[in-house]
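Spelled out, the chains give:
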Amino acid sequence: MTVQYIHKVASGTALMSFYLLKRWKGSVWKVVWRDLVVYLVVYYTLSLVYRFGLGVEGRRQFESLVLHCARYQSMLPVSFVLGFYVSLVVSRWWETFRSFPWPDNTAILLATHLPGQGIEVLERRAVLRYVVLCFTLTLVTISPVVKAEWPNLENMVAKGFLTKEELQLLNKHQAASGQHVAWVPMLWACRIVHRARREGRITSDLGQKSLVDEMLGLRSRCQRLLGFNNHNIPLVYAQVVTVAVYSFFVFSVIGGQFLDITQGYASHTIDLYVPLFGLLQLVFYLGWLKVAEALLNPFGDDDHDFDFVSLIDKHRRMVEMLGEAAANDLPALSPLP
Amino acid sequence: MTVQYIHKVASGTALMSFYLLKRWKGSVWKVVWRDLVVYLVVYYTLSLVYRFGLGVEGRRQFESLVLHCARYQSMLPVSFVLGFYVSLVVSRWWETFRSFPWPDNTAILLATHLPGQGIEVLERRAVLRYVVLCFTLTLVTISPVVKAEWPNLENMVAKGFLTKEELQLLNKHQAASGQHVAWVPMLWACRIVHRARREGRITSDLGQKSLVDEMLGLRSRCQRLLGFNNHNIPLVYAQVVTVAVYSFFVFSVIGGQFLDITQGYASHTIDLYVPLFGLLQLVFYLGWLKVAEALLNPFGDDDHDFDFVSLIDKHRRMVEMLGEAAANDLPALSPLP
Amino acid sequence: MTVQYIHKVASGTALMSFYLLKRWKGSVWKVVWRDLVVYLVVYYTLSLVYRFGLGVEGRRQFESLVLHCARYQSMLPVSFVLGFYVSLVVSRWWETFRSFPWPDNTAILLATHLPGQGIEVLERRAVLRYVVLCFTLTLVTISPVVKAEWPNLENMVAKGFLTKEELQLLNKHQAASGQHVAWVPMLWACRIVHRARREGRITSDLGQKSLVDEMLGLRSRCQRLLGFNNHNIPLVYAQVVTVAVYSFFVFSVIGGQFLDITQGYASHTIDLYVPLFGLLQLVFYLGWLKVAEALLNPFGDDDHDFDFVSLIDKHRRMVEMLGEAAANDLPALSPLP
Amino acid sequence: MTVQYIHKVASGTALMSFYLLKRWKGSVWKVVWRDLVVYLVVYYTLSLVYRFGLGVEGRRQFESLVLHCARYQSMLPVSFVLGFYVSLVVSRWWETFRSFPWPDNTAILLATHLPGQGIEVLERRAVLRYVVLCFTLTLVTISPVVKAEWPNLENMVAKGFLTKEELQLLNKHQAASGQHVAWVPMLWACRIVHRARREGRITSDLGQKSLVDEMLGLRSRCQRLLGFNNHNIPLVYAQVVTVAVYSFFVFSVIGGQFLDITQGYASHTIDLYVPLFGLLQLVFYLGWLKVAEALLNPFGDDDHDFDFVSLIDKHRRMVEMLGEAAANDLPALSPLP
Amino acid sequence: MTVQYIHKVASGTALMSFYLLKRWKGSVWKVVWRDLVVYLVVYYTLSLVYRFGLGVEGRRQFESLVLHCARYQSMLPVSFVLGFYVSLVVSRWWETFRSFPWPDNTAILLATHLPGQGIEVLERRAVLRYVVLCFTLTLVTISPVVKAEWPNLENMVAKGFLTKEELQLLNKHQAASGQHVAWVPMLWACRIVHRARREGRITSDLGQKSLVDEMLGLRSRCQRLLGFNNHNIPLVYAQVVTVAVYSFFVFSVIGGQFLDITQGYASHTIDLYVPLFGLLQLVFYLGWLKVAEALLNPFGDDDHDFDFVSLIDKHRRMVEMLGEAAANDLPALSPLP
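Quick summary incoming for the structure in this document. Source: prediction; values computed, not measured.

**Let's talk about the overall build of chain A**
Within chain A one finds 14 helices and zero strands. Secondary structure elements in chain A, listed N-terminal to C-terminal, are α-α-α-α-α-α-α-α-α-α-α-α-α-α. A compact globule built from 337 residues should have a C-alpha radius of gyration of about 20 Å, whereas chain A, at 29 Å, is more than 25% larger. Overall size of chain A, expressed as C-alpha extent along the three principal axes, is 95 × 60 × 30 Å. Total accessible area computed for chain A in this model is approximately 11400 Å², and 61% of it derives from carbon and sulfur atoms.

Here is the structure:
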């Protein structure tokens, strides 16, 4: 589920920054604490070996290694590659969200252009169910969470989302074509609308066209979601970034060791015991990387992933309200300005 | 309210830069002065302790700490992460503004296609009221400022924005579906237009289609605003940036101390008493961060937030003018070129 | 007026770079020369004081200050913040240009769908005048240059751009609603088109719809221009960048001083008397900043601002040609391929 | 074929990073291993020559060269240029994908507006075949893989994708005009739809318009693909980046040599024998560059290229299902909500 | 003409990078070789003067100057400003290409909706000729290459692109309005279509609307091209970047001199005689800048400019094929799947 924190920061008061930091769910602390623990364990193991486990010669060699690593660590352009990579991932995540299909306009158009209370009721219900079904069948192939909710078509029949006849037709087409059948319900919806127009229940060609255009637009959006799923950011890019960040921390856990200040190494004039700066870098760079990892595939069940099961449920309630309940009443015209 | 300063810089004269700097409202000075005070208090406390409160040994250790912090401070890639983050936040803020629904075209279309002076007057009023109502009900769920203005539907009835019948219907639908009812008035508006077409007051199907398309477009924009509100920039990202900037200042308040110049530390050859450079960095980095914090949620009542209450009021006046007042008169055709 | 230089660089010859550099109008030299003079005056004042006005002790202290400033100057991330900021400003400037409304399509549509030579002539004239009027009234509220050209509605009557009846109506609506009346002429234009359709001078509903859609699209573009004017880049951002750049030059004018080379300071081994590098940085960073300042508000009369008065005049001539002159003649069909 | 890895990272668990790294297909390891081998061979050749093949004087000179190269290597802004370049290439790659034409909506529209079972069956088949043919003929001129599958029009006849009459017509037009004929099938499809409307099998002008608009939209998308192919990122840009990255490694293979630690060179205090850091940089920078090279032309048969042959096959099955199989059955209206 | 190299890199093999580098046309080598020669001449002149022309005192001063320049050279943020600038220029270049008008859809629509073989043939020819004429007249005002091909309207008559009557009308309107007349042929085309509809040769209002919408869309794209030409990237920006890059090379040609290694200057421990690194930087930064210069005005005749003369010729052939040749034949419906 997407983490909501914005309503708490409606007015950017002085304490807003601190409010942001103390959140846990979906927070940087939650995503980096495991790495933090590993870092500290390795750091202190090395530190103890250096301080108590090595002879004079070994300590001098260890010190050389530390200086070597520290020098190279600062040459890794981690912030740069992270900046570009995270920009890309965040913009894809947002573009994905912008591609979601919303059935609300279809429901309003149906209530407007097919307003009757006879067979029209069944038609409105069928069309809206098919629209939501198209979205659901799309998500089943993308999101493991939705797949878990509706593992197969039979399950949808059991849950009253599909009739047996529809099930048989979908299975038949899937078997015959070898393709997914998410578009078939949308085809049915278009044909129901066409029939309603031919038989005069929809009173204008333009009404039909508005409905069909809207529904085909929703189908295109479903297809776009499939495209986002099938063509993600190239694996090489993700790997390059991951290699860069984790190499940085291998160098950091060695190069960030405090050395014997009596040896007079430049930039080793103090021994603070706690690698504050290394931890800070860990939170910073790893947190940044985790932003990207969390958003790379927004179809799962991370803190930052989209909650599709709730969304489908919400759609079903919303189209029920707009297409049925509210289609039956219209307030009297009032002289209010 | 958005801060207006642009009209003062219409011609980019030499003094424009200075005009920009002396503004207070919505300015960098206003957003950073609290942090500036904290910084100075901590800085001078440390400075006084160092200068007068420590023995020789303590001073040497403090100096080591200062050098350590100064070294690490310069390794924090604050400007980088801020650059990418602020770009993201600013572009979202602008995209949000671009998503605002404007009812003006609907009013013009109504005055064009439903021009009569009988029941048409009531119909135009109702449709335009419903359009603005849809926008208002959307904002009530997003903006605490709008929520404060219209805390509930009953209050809207009291303020003459809603009839009792409408209130009952909205409450009924909300209770039955568990969904927000911002789209219901738009449905009513579409159905009033449909009825006017069926009963011949709107004289063409295309006129009806133009109106319905325009209104559904407005509804989609309202939905987009909800989307901006519900799916903000991941919390991790905001936290990473905040951690980076504030860590920078913790290191800065220590690492920026002037040290005893007689100790001969490189880059400590002068004692200016005032940490000019640290203050400058504070204004600079913190100001940059505050740009982002102010724009992160533009639905509040910051200096940079959108003033929705005025906007709704403006909409009501504008649609009143376009849909009513100006719908009654049309100047005679003149031979002006 | 926008500076045109592109036609001179149609083929990127070797000398193109030098052509670019020698331009004055709209050039970097024109925007930075004042700052350059100030910089040089301050620089040589300090230099003379250092070389001739200070005792030995004072010179040593001044040298410490110079080294201190030079060190800090190089730590200011000016290029970074400028890169992001200028990107933002340039993309807004271009987006603004892309939002301009062009009445040419309306004129062609009118000549196509309302081709008669009777009352149709007056109708075409009125519609096109109203379209340009809507654009003009929008710009009057944005651009001081346009405001100076047409300070009020009465002035427009005097210049034959408005009839007295129109003036009275606009004044009445403005007074009654408290809103700007730029949309009212567009409403009149839509209603004239509607009447021409009802009375059969426009022969198809689709012709009317094309015209109304086009005109409402123009109105939306006018509104977008208002939006660009009312919601500019946050003041904080502009201030942060200005503070950064000018601080940089305060540090530069001190830190760039040539010091006594006999004192043996690292990186002070030569005395060139002229701060070539400092001047170069000034041209570079300040020029970059001025790009942004010039484009921040493109509605004024800078070298880089849009020339709206000419544009409106051009629009009037163009719609006259397309809607009137060319509407009367159509060449015979020829067998040319 | 595009590499799919996203379904494995649906929930961003702690081990996700490691999962990403161990992939081979489409991975950074696969794209850089050849360069890695070359690097190591050159590195150790130089190393052995230095350690065992040179006299004292030669070793001192070699050491000077190593220090010289190491210094210059760190001044190459490789990460910067790579960041901007890869951003550009990735966004073009994605824009290319977004331009793909999908025939699914056309199939649904045909099944809706041309639903008969007589000659309509042949018409639907012909229209859908022409739509896919237009896409195929476009790709033949772009993608060597598609070209290999269908080397010429005769071959398409043999594979039952084209009739002999169609072949003759296409050949005639191609010969006469000297232009590619990918648009001609789309023209045929539009004319079949027009005839079906004139002869009453399509019952509304709007139905015809929907179909023609959809098909012309697909043709524009095909044209956009041609545009992506014909106007790629300027060669200069690609060369500049390649020169930068490979120069970096020439400097690296020399500058990264471990030197005799007894000579006391700063930053040469340890001899690790294995150039870990150089290898890491190689993986990092070269991997980043290879992201771009792989995506620069997505029409080939790289791991990251689009699999057009499968896509065309998928289109043929999908339109067969939507336009034929599913066009014959429509489930009964059910009272399901 | 745009340089095509992509078909050679369809599969990103290991040698692809080297293929890219050895190209000459449109390559980095071609754009920088002149500057490279100048650089080398200046470099070796200075080098010879230093090595053989100066006394001991002069050599010491020259060495100071070299060290001074080298230090400052590394402080110029050239890569940064180039990164942002080239991004901007490349994205504008691509946006320009995306704005090109393509007449192909108009030809298909004409063949579909105006299919007759009588006067319809002349009408189709006239409309398509006018559409290409509009594009050509637009480019004449933008591109010197197109201007050279068709220097004036009379020339177009001579080349059989325009009738004498059309010439007279265009000249008349141009003289009367003082505006360019590129839109007038589009107006004629719209009116021919309107007449064909009124006289029944086009059988539906929607067919007319499709044609007019398509043609007005093309006109808007022509206007966008004019906009790209008239409002380019601010001159200041281009100058700032040019100043930065060339200053860099002035510093480089001095600062990159090899100094007497016996003087013991840090980072001057080797004398390679050839300024490899300086040349590399030259290729790199100057190549990057030339990317931008080549794309800044894509309307000329550079290697990277658009080849408009061929494009117009191609358009004429294509619309001839689609609007005439292929409009006369339609293959029989076949039972192919």
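Continuing now.
**Notes on the interface of chain C and chain E**
Note: interface size is frequently given as the accessible area lost on complex formation between the parts. Taken together, the contact pairs 82 residues of chain C with 86 residues of chain E. Carbon and sulfur atoms make up 68% of the area that chain C and chain E hide from each other, which totals about 7800 Å². Counting across the chain C and chain E interface gives two salt bridges. Linking Lys 172 of chain E and Asp 329 of chain C is a salt bridge whose minimum nitrogen-to-oxygen distance equals 3.4 Å.

**A closer look at helix α13 (residues 276-296) of chain D**
The first and last C-alpha atoms of α13 of chain D sit 30 Å apart over 21 residues, in line with the 30 Å expected at 1.5 Å per residue. Along α13 of chain D, 20 of the 21 residues are buried, which leaves the element largely enclosed by surrounding structure.

**Comments concerning the arrangement of the chains**
Between chain B and chain D there is no contact; the minimum C-alpha to C-alpha separation amounts to 12 Å. Taking C-alpha atoms as the reference, chain A and chain E come no closer than 12 Å and do not contact one another.

**Examining the nonpolar core**
If you look at the biggest cluster of nonpolar residues, it comprises 600 residues, and the most contacted ones within it are Tyr 237 of chain A, Tyr 237 of chain B, Tyr 237 of chain C, Tyr 237 of chain D together with Tyr 237 of chain E. Those residues in contact with Tyr 237 of chain E that sit more than four places away from it in its chain are Val 86, Val 90, Trp 288 and Val 291 of chain C together with Phe 84, Tyr 85 and Leu 88 of chain E.

**What about the relation of the copies chain C and chain E?**
Once chain C is rotated about the relating axis by 72° and shifted along it by 0.0 Å, it coincides with chain E to within an RMSD of 0.0 Å. Such values leave the two copies arranged in the relation of a five-fold axis.

**A short note on the pattern of salt bridges**
Under the defined criterion, the tally for this structure stands at 76 salt bridges over all chains. Salt-bridge contacts for Glu 166 of chain A lead to Arg 129 of chain A; the nearest nitrogen and oxygen are separated by 2.9 Å. Taken as a pair, Glu 166 of chain A in helix α9 (residues 164-177) and Arg 129 of chain A in helix α6 (residues 119-140) lie far apart in primary sequence, 37 residues in all. A relative accessible area of 3% means that Arg 129 of chain A is categorised as buried. Ionic pairing is found between Asp 260 of chain E and Arg 59 of chain E, a salt bridge with its closest N-O pair at 3.8 Å.

**Here we look at the packing of helix α5 (residues 104-113) of chain A against helix α11 (residues 205-230) of chain B**
Taken N-terminus to C-terminus, the directions of α5 of chain A and α11 of chain B make an angle of 150°; their axes are 10 Å apart at the nearest point. The orientation of α5 of chain A with respect to α11 of chain B, classified from their angle, is roughly antiparallel. In this structure, α5 of chain A meets α11 of chain B at a crossing whose hand is right-handed. Here Asp 104, Asn 105, Ile 108, Leu 109, Thr 112 and His 113 of chain A of α5 of chain A come into contact with α11 of chain B, specifically with Gln 208, Val 212, Leu 216, Arg 219, Ser 220 and Gln 223 of chain B. Considered class by class, the residues forming the contact of α5 of chain A with α11 of chain B number four nonpolar, six polar and two charged.

**Observations concerning the environment of Ala 292 of chain A**
All names here are of chain A. Relative to the elements of secondary structure, Ala 292 occurs in helix α13 (residues 276-296). Taking the C-alpha atoms as reference points, Ala 292 and Ser 87, separated by 205 residues in sequence, lie 8.6 Å from one another. Excluding residues that lie within four positions of it along the chain, Ala 292 makes contacts with Tyr 85, Val 86 and Val 89.

**As for helix α10 (residues 184-198) of chain D**
In this model α10 of chain D runs 21 Å from its N-terminal to its C-terminal C-alpha over 15 residues, within 8% of the 21 Å that 1.5 Å per residue would give. Most of α10 of chain D sits inside the fold, with 13 of its 15 residues counted as buried.

**Remarks on a nonpolar patch on the surface**
Residue and element names in this part refer to chain B. A surface patch of nonpolar side chains, amounting to about 660 Å² of accessible area, comprises Tyr 44, Leu 48, Phe 52, Tyr 273, Val 274 and Leu 276. Of the residues forming the nonpolar patch, the biggest block, three residues, is contributed by helix α2 (residues 28-53). Position of Tyr 273 relative to the elements: it lies in the loop between α12 (235-255) and α13 (276-296).

**Quick notes on the interface of chain B and chain A**
Facing the 86 residues of chain B at the interface are 83 residues of chain A. At the boundary of chain B with chain A, total buried surface from both sides reaches about 7900 Å², with 68% on carbon and sulfur atoms. When the buried area of chain B at its contact with chain A is split by residue, Arg 191, His 231 and Leu 235 of chain B rank highest and sum to 9% of it. The interface formed by chain B and chain A contains two salt bridges. Linking Glu 95 of chain B and Arg 98 of chain A is a salt bridge whose minimum nitrogen-to-oxygen distance equals 2.2 Å. The tally of links between chain B and chain A comes to 17 residue pairs in polar contact (both at pLDDT 80 or more). Among the secondary structure elements, those contributing two or more residues to the side of chain B that touches chain A are α3 (56-73), α4 (78-98), α6 (119-140), α9 (164-177), α10 (184-198), α11, α12 and α13 of chain B.

**A few points about the relation of the copies chain B and chain A**
Between chain B and chain A, which share one sequence, the superposing operator has a rotation angle of 72° and an axial displacement of 0.0 Å; the RMSD is 0.0 Å. When the interface residues of chain B are mapped onto chain A, a mere 3% of them again fall at the interface, so the copies present different faces.

**Some remarks on the packing of aromatic side chains**
Under the defined criterion, the tally for this structure stands at 134 aromatic pairs over all chains. Aromatic pair Phe 100 of chain D and Phe 306 of chain D: ring centres 4.9 Å apart, planes at 75°, arrangement edge-to-face. With Phe 100 of chain D in the loop between α4 (78-98) and α5 (104-113) and Phe 306 of chain D in the loop between α13 and α14 (308-325), the pair connects residues that are 206 residues apart, well separated along the chain. In this structure, Phe 100 of chain D and Phe 306 of chain D share a single accessibility class: buried. Ring geometry for Trp 150 of chain E and Phe 161 of chain E: centres 6.0 Å apart, planes at 50°, overall tilted. Residue Trp 150 of chain E is located in the loop between α7 (144-149) and α8 (153-158), and its partner Phe 161 of chain E is located in the loop between α8 and α9 (164-177); the two are separated by 11 residues in the primary sequence. No difference in accessibility class separates Trp 150 of chain E from Phe 161 of chain E, as the two residues are buried. Here the aromatic residues Tyr 39, Tyr 43, Tyr 44, Phe 248, Phe 249, Phe 284, Tyr 285 and Trp 288 of chain A together with Tyr 85 and Tyr 237 of chain B are joined through ring pairs into a cluster of three or more. Above the ring of Trp 183 of chain A, the side-chain terminus of Arg 219 of chain A is found at 4.8 Å from the ring centroid.

**Section: the environment of Glu 120 of chain E**
All names here are of chain E. Tracing the chain through its elements places Glu 120 in helix α6 (residues 119-142). Sequence separation between Glu 120 and Ala 196 is 76 residues, and the spatial gap between their C-alpha atoms is 8.2 Å. Leave out the neighbours within four places in its chain, and Glu 120 touches Leu 114 and Arg 201.

**Quick notes on the side chain of Gln 223 of chain C**
Position of Gln 223 of chain C relative to the elements: it lies in helix α11 (residues 205-230). Residues contacting Gln 223 of chain C, with those up to four places away along its chain left out, are Trp 102 and Asp 104 of chain B together with Trp 183 of chain C.

**Topic: the side chain of Ser 247 of chain B**
Here Ser 247 of chain B lies in helix α12. Residue contacts for Ser 247 of chain B: discarding those within four places in its chain leaves Leu 280 of chain A together with Leu 76 of chain B.

**Quick word on the packing of α6 of chain B against α10 of chain B**
Residue and element names in this part refer to chain B. Where α6 meets α10, the closest approach of the two axes is 8 Å, and the angle between their N-to-C directions is 160°. When the interaxial angle is binned, α6 and α10 end up roughly antiparallel. Note on packing geometry: the crossing formed by α6 with α10 is left-handed. Of α10, the residues touching α6 (which contributes Glu 123, Ala 126, Val 127, Tyr 130, Val 131, Leu 133, Cys 134 and Leu 137) are Pro 185, Met 186, Trp 188, Ala 189, Ile 192, Val 193, Arg 195 and Ala 196. Here the contact of α6 with α10 is built from residues that sort into 14 nonpolar, no polar and two charged.

Definitions and limits used
Residues numbered from 1 in each chain as written. Chains lettered and ligands numbered in written order. Predicted model: local features only at pLDDT ≥ 70, side-chain atom pairs only at ≥ 80, totals over all residues. Heavy atoms only, no water. Helix = DSSP H or I, 4+ residues; strand = E, 2+ residues; numbered from the N terminus. Rg over C-alpha atoms; globule rule 2.2 N^0.38 Å. Areas by Shrake-Rupley, 256 points an atom, 1.4 Å probe, with all protein chains shown as cover. Contact = heavy atoms within 4.5 Å. Buried area = accessible area lost by both parts, 1.4 Å probe. Salt bridge = Lys/Arg side-chain N within 4 Å of Asp/Glu carboxyl O. Expected span 1.5 Å × (residues − 1). Buried < 20%, exposed > 50% of the residue type's maximum accessible area, 1.4 Å probe, protein only. Core = buried A, V, L, I, M, F, W, Y, C linked by side-chain atoms within 4.5 Å. Least-squares fit on C-alpha atoms with pLDDT ≥ 70 in both. Axes fitted to C-alpha atoms, helices over the stretch in contact; angles between N-to-C directions. Parallel < 35°, antiparallel > 145°, perpendicular 65-115°, else oblique. Left-handed = near helix turned anticlockwise from the far one by under 90°. Nonpolar A, V, L, I, M, F, W, Y, C, P; charged D, E, K, R; others polar. Patch = residues over 30% accessible without salt bridge, like charges linked within 9 Å, V, L, I, M, F, W, Y side chains within 5 Å. Polar contact = N/O pair within 3.5 Å; in protein donor to acceptor, adjacent residues only side chain to side chain. Phe/Tyr/Trp six-rings, centres within 6.5 Å; stacked < 30°, edge-to-face > 60°. Lys NZ or Arg CZ within 6 Å of the ring centre and 35° of its normal.

Shape is all these values report; function is a separate question.
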